[in-house]
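# Coordinate inspection notes
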Amino acid sequence: MIDAHRFGELYSDCYPRVLAYATSRVGRQLGEDVTSETFTVAWRRREVLPSPPLPWLLGVARNIVREALRGEDRQWALAAAAAEREVLGTDPASDVVERAAVLQALGSLSEPDRELLTLVAWHGLSAKDAARVLGCATATLTVRLHRARRRLERATAAAELSAPPRPAVALKEN
Amino acid sequence: MHRERPDVLGALRDARPDLLDPARFTGSERRERDLRAITALPRAAAEPPRRGPVLRWAVPIGLAAAAALVAGVVTGETAGDPQGPPAVALAPADVDSVQVLLRAAETLPDLGAESAYWRLVTRQTSALPVRAGGERFVVTDESESEHSIGVRPGTESLRVWNLHVTTTPRTPADEEAYRRAGSPAELELLPEPTGGRGGLTMPAGGRVPRVDRTDSGDDVYSVGDVNSSYADLLALPGDVDALRAELLSRFAASGGAEVGDQTQWLFQQAAALITMPVTAEVRSSAYRIVAGLPGVRSLGRVTDPLGRAGVGVAVAPERSVTHGTVERQLVVDERTGVLLAEREVLRAPDEQLRALGLADGDVVTSTSTLRAGWADEQVRVPPDAVR
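Here is a short report on the structure shown in this document. Values in this document were obtained by computation on a predicted structure and should not be read as measured data.

Turning our eyes to something else, we now look at the pattern of salt bridges. Under the criterion given, the structure shown has 29 salt bridges over all chains. Two residues, Arg-28 of chain A and Glu-32 of chain A, come together in a salt bridge whose shortest N-O distance is 3.2 Å. Taken together, the positions of Arg-28 of chain A and Glu-32 of chain A, both in helix H1 (residues 4-44) and four residues apart, correspond to about one turn of that helix. Shared partners join several salt bridges into a network, and the residues in it are Glu-84, Glu-111 and Arg-114 of chain A together with Arg-210 of chain B.

Put into structure tokens, the structure is as follows:
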């Protein structure tokens, strides 16, 4: 049984990475709400928290975001779109070609590919931990990751050919 | 042969935006405040054995509830009960509503011959509290989206959204407030009382259409968190008990109680399945699952957000993410069994929403089905659509 002290340690360890993940999905402000709810769930379920807790926590945060977005709520849709623009946006004036190209390539992939690649590359998860977040077998995930990585590689090569680098997504809506 | 560059993940790792660096989040202002509030909450009690239709609210439902809890604005029994949240006993299912849904289940039209794409065209509305020019008011945001699910090998699935967007003040009083604010081109979404969601702006006028690719390998749809191919959708059991068991196993796989209440989840998943390319038996059983949910009640004759006549059913209210307590409703064409619309109706609005003129019974979000059926052609993506 995890007591309040141990939960506090776990919270300190995992909070920045849960918030970084939630921010990548819906921006900082809603991300803080998602993080709060995630740890509220963790506290209520602290008797059965797996070790390490991070993949489980990210899985909970992911489910909270997905359920909110599934409702077609305009506020969440706007927040998710704004977060995507912010995350994938590049600055043609200062970004090196390679960075702009890989972000443009990432933006061109399907949502499941993007999610998997960023869980590994940006949120630092191993294939095994990413499989826990996504709720699939590690073997399945390894195959998916291999394919997603090849698609990213092709898209990056294509993006590098198209000069000058463009923003991955439009930075302004009219 | 295509050669894989070993460094593409490394390049992606290096391209991570600085704003996602976890080191930036260690000093979050809310962090310690939230921790104190969370650890003051009771642990969820183990569920005692019960008989009869008893629905247990195992965790705070939705973000608004959790945000209220962590901010210390706790009301009701939840925080005071050392054994955890209270069990909520609901009345047995209303006979009328069950009849309505069972009749719908029996009269569903034939979907016609399978083609390359399943097309679902919907119209969404959302009542959004906003502020601009020192004024606070409510706008109604309306848009259409078109989901095209490719079911043949080599076809893509696309979701085109932000189509035909209009944003208009909800009432004459809101119109007046909008004018006083100087008829601004940009509106700021009103933050929740707990502090989240501030600073997010939306244009008062049109928006560019957006398009998302929604397939991954053979997977074209997700039931809860479990991805499904078209073959998986066709293989869903047609028997009502088997389908319920299958959905419940996916509820567990999606995080179960962590994502919310099982009844609400089943209601949403079943309603979504009805509009998908599934067998007639599955569509029929999806209606039967809704009919069998605890607390489902009949609304009698209603019109959907597009003014189409139908009959309504509702499940017990829950805390919504953005609109206080809401009741989820379905509007069904009783002659054809077609699902016309799904909507959320405000119940017990909080003070902020009341001050903005929103009242008990107001529809705060809706999704109306404009078309669900097979098509030979892929959806047309507007030339100015942004990926």
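This next bit is on the side chain of Glu-84 of chain A. By secondary structure assignment, the location of Glu-84 of chain A is in helix H3 (residues 74-88). Polar contacts involving the side chain of Glu-84 of chain A include one to the side chain of Arg-210 of chain B, which spans 3.3 Å.

So, about the nonpolar core. Formed by 62 residues in total, the largest nonpolar core has its most connected members in Phe-7, Phe-39, Leu-117 and Leu-152 of chain A together with Leu-12 of chain B. Apart from residues no more than four positions distant in its own chain, Leu-12 of chain B is found in contact with Val-102, Leu-106, Leu-117, Ala-121, Trp-122 and Leu-152 of chain A. With 45 residues, the next largest nonpolar core counts Ala-104, Ala-105, Ala-286 and Val-315 of chain B among its residues.

All names here are of chain B. The buried fraction of strand E14 (residues 325-332) is high, at eight of eight residues. Of the two faces of E14, the one carrying Thr-325, Glu-327, Gln-329 and Val-331 and the one carrying Val-326, Arg-328, Leu-330 and Val-332 are both buried. Of the pairings in the sheet, the one linking strand E12 (residues 309-314) to E14 comprises four bridges and is antiparallel in character. Each residue of the ladder has a partner; that of Val-311, found in E14, is Val-332. Where E14 folds back on strand E15 (residues 339-347), the antiparallel hairpin that results is connected by six residues, among which Gly-337 adopts a positive phi of roughly 80°.

Let's shift gears to the packing of helix H8 (residues 262-274) of chain B against helix H9 (residues 280-291) of chain B. Residue and element names in this part refer to chain B. Interaxial distance between H8 and H9 falls to 9 Å at its minimum, and their mutual angle equals 155°. In terms of axis orientation, H8 runs roughly antiparallel to H9. Read as a crossing pair, H8 and H9 show a hand that is left-handed. Every residue of H9 that contacts H8 at Leu-266, Phe-267, Ala-270, Leu-273 and Ile-274 is listed here: Val-282, Arg-283, Ala-286, Tyr-287, Ile-289 and Val-290. Across the contact of H8 with H9, the residue classes tally to ten nonpolar, no polar and one charged.

Here we take up the packing of aromatic side chains. Residues and elements named next belong to chain A. Inspection of the entire model under this criterion finds nine aromatic pairs over all chains. Measuring from ring centre to ring centre gives 5.0 Å for Phe-7 and Trp-43, while their planes differ by 70°; the resulting arrangement is edge-to-face. Judged by relative accessible area, Phe-7 falls into the buried class, the value being 0%. A ring pair is formed by Tyr-15 and Phe-39, whose centres lie 6.1 Å apart and whose planes are at 20°; its orientation type is stacked. As far as the burial class goes, Tyr-15 and Phe-39 line up, both buried. Each residue in the set Phe-7, Tyr-11, Tyr-15, Phe-39 and Trp-43 is aromatic and connected to the rest through ring pairs, giving one cluster. The positively charged end of Arg-46 is found above the aromatic ring belonging to Trp-43, 3.4 Å away from the centroid.

Once that is clear, we can look at the pairing of strand E11 (residues 297-303) of chain B. All names here are of chain B. Pairing geometry for E11 and E12, over six bridges, is antiparallel. Residue pairing for E12: Arg-297 is matched across the bridge by Ala-314. Counting the residues that bridge the hairpin from E11 to E12 gives five residues, and of these Gly-307 lies at a positive phi of roughly 85°.

Here we come to the side chain of His-147 of chain B. Among the secondary structure elements, His-147 of chain B is positioned in strand E4 (residues 135-150). Every residue in contact with His-147 of chain B, bar those within four places of it in the chain, is listed here: Trp-118, Arg-119, Leu-120, Leu-158, Arg-159 and Thr-214 of chain B.

A separate point is the packing of H1 of chain A against helix H2 (residues 29-39) of chain B. Closest axis-to-axis distance for the H1 of chain A/H2 of chain B pair is 10 Å, and the angle between their directions is 125°. Taken together, the axis directions place H1 of chain A and H2 of chain B in an arrangement best described as oblique. In the packing of H1 of chain A onto H2 of chain B, the handedness of the crossing is right-handed. On H2 of chain B, the residues touching Phe-7, Gly-8, Tyr-11, Ser-12, Tyr-15, Glu-32, Asp-33, Ser-36, Phe-39, Thr-40 and Trp-43 of chain A of H1 of chain A are Arg-30, Arg-31, Asp-34, Leu-35, Ile-38 and Thr-39 of chain B. Residue composition of the contact of H1 of chain A with H2 of chain B, by class: seven nonpolar, five polar and five charged.

Moving on to unusual backbone geometry. For the bond running from Ser-51 of chain A to Pro-52 of chain A, omega is 0°, close enough to zero to count as cis. By the secondary structure assignment, Pro-52 of chain A is in the loop between H1 and helix H2 (54-70).

Residues and elements named next belong to chain B. Of all the positions in helix H5 (residues 172-180), only Asp-174, Ala-177 and Tyr-178 are classed as buried. Buried residues of H5 fall within an arc of 100° about the axis and therefore sit on the same side. Residues of H5 that are exposed and point more than 90 degrees away from the buried face comprise Pro-172, Ala-173 and Arg-180. If you follow the buried residues of H5, they end up packed against E4, strand E5 (158-169) and strand E6 (186-189). Within two residues after H5, Gly-182 carries a phi angle of roughly 90°, on the positive side.

Looking at the element boundaries, Arg-213 of chain B is found in strand E8 (residues 210-213). Residues contacting Arg-213 of chain B, with those up to four places away along its chain left out, are Ser-110 and Glu-111 of chain A together with Glu-156, Ser-157, Leu-158 and Arg-387 of chain B.

To continue, consider the environment of Arg-16 of chain B. Mapping Arg-16 of chain B onto the fold places it in the loop between helix H1 (8-14) and H2. Look at Arg-16 of chain B and you get partly exposed, because its relative accessible area is 24%. Those residues in contact with Arg-16 of chain B that lie beyond four places of it in its chain are Arg-99 and Trp-122 of chain A together with Asp-21 and Pro-22 of chain B. At 3.2 Å, the side chain of Arg-16 of chain B forms a polar contact with the backbone oxygen of Trp-122 of chain A.

What counts as what
- Residues numbered from 1 in each chain as written.
- Chains lettered and ligands numbered in written order.
- Predicted model: local features only at pLDDT ≥ 70, side-chain atom pairs only at ≥ 80, totals over all residues.
- Heavy atoms only, no water.
- Salt bridge = Lys/Arg side-chain N within 4 Å of Asp/Glu carboxyl O.
- Helix = DSSP H or I, 4+ residues; strand = E, 2+ residues; numbered from the N terminus.
- Polar contact = N/O pair within 3.5 Å; in protein donor to acceptor, adjacent residues only side chain to side chain.
- Core = buried A, V, L, I, M, F, W, Y, C linked by side-chain atoms within 4.5 Å.
- Buried < 20%, exposed > 50% of the residue type's maximum accessible area, 1.4 Å probe, protein only.
- Contact = heavy atoms within 4.5 Å.
- Pairing = 2+ DSSP bridges.
- Axes fitted to C-alpha atoms, helices over the stretch in contact; angles between N-to-C directions.
- Parallel < 35°, antiparallel > 145°, perpendicular 65-115°, else oblique.
- Left-handed = near helix turned anticlockwise from the far one by under 90°.
- Nonpolar A, V, L, I, M, F, W, Y, C, P; charged D, E, K, R; others polar.
- Phe/Tyr/Trp six-rings, centres within 6.5 Å; stacked < 30°, edge-to-face > 60°.
- Lys NZ or Arg CZ within 6 Å of the ring centre and 35° of its normal.
- Arc of directions from axis to C-beta.

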